Amino acid sequence: MRTYRYLIAAHRIVGICMIIGFFSYLLHAHIPFTGTKTIVYTSDALHGQIGRLRPLDRIPQDTLANGRHIDRMVEDPVYLDLKTIVPFDKARLSVFYKNETPYALSLGVNAAEKGWNIQTKELEIEEGEDGWTIGSSEFDLTAVQRRKEVYQFLISAPGLRYEKHEGSIFISKIIIHLQRKPVSLSDFAFLAKKFSAKLSP
C-alpha cells in the first residue's frame, strides 16, 4: 500500500513537472521574458511564426550561385504574416534589399482586423555589406488589430508592375524586433486559459 502511494505521488510530481515545462516552453517560444524578441526571415530558413512573402506570383524565388535562395519582388505590394500568441507594443522591421527599379521602397502594417487600414512609413536607410541596402521602419502596434493572432506587414513599391519590365527588388533577409512588457504572472494565466480552450471539445 505504501509503495502504491509513493507511485501515485511520483506520478503527480511528474505530471506537474511536465505541465510546468510545457508552459515554460510556451513562454520561452512566444512570450519573451525580457519583453523583446527578434525574428529573422529568409526564404531559405523560414521561422515558425512567419510564412513566405506572398502572393507568390509577385515575389518568386531566385537561386544564387552559392545555392542560396532570395526573394525577387516583381509587383507591388507583397505581404508578410507574423503570428504571435500575445500582442506586442512595437515592431521594428529591417529589410535587406537591392532595388533595381525606379520605385522607392516603403514598409507598412495593416491596422484593421477586417478589411484594410494600411499605415506605411518611409525607410531609414543604411548601407549594408556586399551592396545590400538596409531599410528600417518602426511601428506602434498598440492600435493594430491582429487577424487571428496575426500581424500583417507589407513591403510596397508603388508603381512596380510586372508587365512594365522595369526591373526587380531583391530581398535577402528581414529582421523583426518585437517589444512588449516583460513577462508577468498574468501571461501564465493567459496561456493556461488558451491551452484549456484548445483542449475543450
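Above this note sits the structure.
Residues numbered from 1 in each chain as written. Predicted model: local features only at pLDDT ≥ 70, side-chain atom pairs only at ≥ 80, totals over all residues. Heavy atoms only, no water.

Caption draft 1: Summary view of the pattern of salt bridges. Going through the model one piece at a time under the given rule, you end up with five salt bridges. Of the charged contacts, one joins Asp62 and Arg72 as a salt bridge, the two residues approaching to 3.0 Å between their closest N and O atoms. With Asp62 in strand β2 (residues 61–63) and Arg72 in strand β3 (residues 69–73), this residue pair connects regions lying 10 residues apart in the sequence. Overall, the relative accessible area of 22% leaves Arg72 in the partly exposed class. (Salt bridge = Lys/Arg side-chain N within 4 Å of Asp/Glu carboxyl O. Helix = DSSP H or I, 4+ residues; strand = E, 2+ residues; numbered from the N terminus. Buried < 20%, exposed > 50% of the residue type's maximum accessible area, 1.4 Å probe, protein only.)

Caption draft 2: Focus on the environment of Gly67. Within the secondary structure, Gly67 is located in the loop between β2 and β3. Note on Gly67: relative accessible area 41%, which makes it partly exposed. Taking the C-alpha atoms as reference, Gly67 lies 9.8 Å from Asp44; in sequence the two are 23 residues apart.

Caption draft 3: Main features of the sheet that holds strand β6 (residues 106–110). Pairing in this open sheet of four strands is antiparallel, and the strands run β4-β10-β6-β7 from one edge to the other. Edge strands, defined here as strands with exactly one partner in the open sheet, are β4 (78–83) and β7 (118–122). Neighbour-to-neighbour, the strand axes of this sheet turn through a mean angle of 25°, independent of strand direction. Two strands pair when backbone bridges link them, and β6 and strand β10 (residues 150–156) are joined in this way by four bridges, in the antiparallel orientation. (Pairing = 2+ DSSP bridges. Axes fitted to C-alpha atoms, helices over the stretch in contact; angles between N-to-C directions.)

Caption draft 4: Layout of the packing of aromatic side chains. Within the structure shown, the criterion is met by three aromatic pairs. Here the aromatic rings of Tyr151 and Phe153 are separated by 6.4 Å at their centres, their planes lie at 35°, and the arrangement is tilted. Like Phe153, Tyr151 is buried. Sitting over the ring of Trp132, Lys98 keeps its end group 4.6 Å from the ring centre. Lying across the ring of Phe139, Lys121 places its NZ or CZ 5.6 Å from the centre. (Phe/Tyr/Trp six-rings, centres within 6.5 Å; stacked < 30°, edge-to-face > 60°. Lys NZ or Arg CZ within 6 Å of the ring centre and 35° of its normal.)

Caption draft 5: Here's a closer look at the side chain of Gln49. As for its position among the elements, Gln49 is in the loop between β1 (36–41) and β2. Accessibility expressed as a relative area gives 9% for Gln49, which makes it buried. A distance of 2.7 Å separates a polar side-chain atom of Gln49 from the backbone oxygen of Lys83. (Polar contact = N/O pair within 3.5 Å; in protein donor to acceptor, adjacent residues only side chain to side chain.)

Caption draft 6: Representation of the side chain of Glu75. Residue placement: Glu75 occurs in the loop between β3 and β4. The side chain of Glu75 sits in the buried core without any salt bridge; Arg161 is the nearest counter-charge, 4.1 Å away. For Glu75, the residues in contact, after removing those within four places along its chain, are Arg58, Leu160, Arg161, Tyr162 and Glu163. (Lys, Arg positive; Asp, Glu negative; His and termini not counted. Contact = heavy atoms within 4.5 Å.)

The analysis is restricted to geometry; functional conclusions fall outside its scope.
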